Amino acid sequence: GVLLPAARAFQPDAIFVSAGYDAHELDPLASLQMATSTYHWMSAELRCLAGELCGGRLLYVLEGGYHLPSLSASVVASLYGLLGLPHSASPASGDEEAGGVMKSRFD
């Protein structure tokens, strides 16, 4: 891979993430086919990388995401990854049309 060696060579003071969720398989914009669990995995990996390189300083800024059920499920999955919690504990871990799960969780 390219990212990890480059990040280690750069030695950042903090990691900033432009968290776009339009790559989700249910999002109509990008058609990149990412699963909700992928966002969890990436967030968990970035959490570890930030811990290794910059004292855990990691900032997420919400960007795109246009399919609201998958956006909400992916944001929750990302937060679980950032907290070091397993994706299976997330209300969005089913990875199907997660709107019903998220809606029932927050109604």
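In short, a report on the structure.

Criteria and cut-off values
- Residues numbered from 1 in each chain as written.
- Predicted model: local features only at pLDDT ≥ 70, side-chain atom pairs only at ≥ 80, totals over all residues.
- Heavy atoms only, no water.
- Helix = DSSP H or I, 4+ residues; strand = E, 2+ residues; numbered from the N terminus.
- Buried < 20%, exposed > 50% of the residue type's maximum accessible area, 1.4 Å probe, protein only.
- Areas by Shrake-Rupley, 256 points an atom, 1.4 Å probe, with all protein chains shown as cover.
- Contact = heavy atoms within 4.5 Å.
- Core = buried A, V, L, I, M, F, W, Y, C linked by side-chain atoms within 4.5 Å.
- Axes fitted to C-alpha atoms, helices over the stretch in contact; angles between N-to-C directions.
- Parallel < 35°, antiparallel > 145°, perpendicular 65-115°, else oblique.
- Left-handed = near helix turned anticlockwise from the far one by under 90°.
- Nonpolar A, V, L, I, M, F, W, Y, C, P; charged D, E, K, R; others polar.

Regarding the overall build of the protein
Turning to step 1, where the next piece is worked out: Looking only at helices and strands, the protein has 4 helices and 2 strands in total.
Turning to step 2, where the next piece is worked out: Reading the helices (α) and strands (β) of the protein from amino to carboxyl end gives α-β-α-β-α-α.
Turning to step 3, where the next piece is worked out: The 107 residues of the protein split such that 37% are buried.
Turning to step 4, where the next piece is worked out: Surface summary for the protein: the accessible area is close to 6200 Å², and the carbon and sulfur share equals 62%.

Here's the deal with the side chain of His40
Turning to step 1, where the next piece is worked out: Structurally, the position occupied by His40 is in helix H2 (residues 36–53).
Turning to step 2, where the next piece is worked out: Residue His40 is classed as buried on the basis of its relative accessible area of 11%.
Turning to step 3, where the next piece is worked out: In this structure, His40 is in contact with Ala77, Ser78, Tyr80, Gly81, Leu85, Pro86 and His87, ignoring residues within four places of it in sequence.

Concerning the nonpolar core
Turning to step 1, where the next piece is worked out: Ile15, Val17, Tyr21, Tyr39 and Leu49 are the most contacted members of the largest nonpolar core, which totals 14 residues.
Turning to step 2, where the next piece is worked out: Of all the secondary-structure elements, those providing two or more residues to this core are strand E1 (15–19) and H2.
Turning to step 3, where the next piece is worked out: Ranked by residues supplied to this core, first place goes to H2 with 5 residues.
Turning to step 4, where the next piece is worked out: The contact partners of Val17, leaving out residues within four places of it in the chain, are Leu46, Leu58, Leu59, Tyr60 and Val61.

So, the packing of helix H1 (residues 3–10) against H2
Turning to step 1, where the next piece is worked out: At a closest axis distance of 10 Å, the pairing of H1 and H2 adopts a crossing angle of 25°. With respect to their mutual orientation, H1 and H2 come out roughly parallel. Between H1 and H2 lies a crossing of right-handed hand. Where H1 approaches H2, its residues Leu4, Ala7 and Arg8 are matched on the opposing element by Leu49, Glu52 and Leu53.
Turning to step 2, where the next piece is worked out: Of the residues in the contact of H1 with H2, the class split is 4 nonpolar, no polar and 2 charged.

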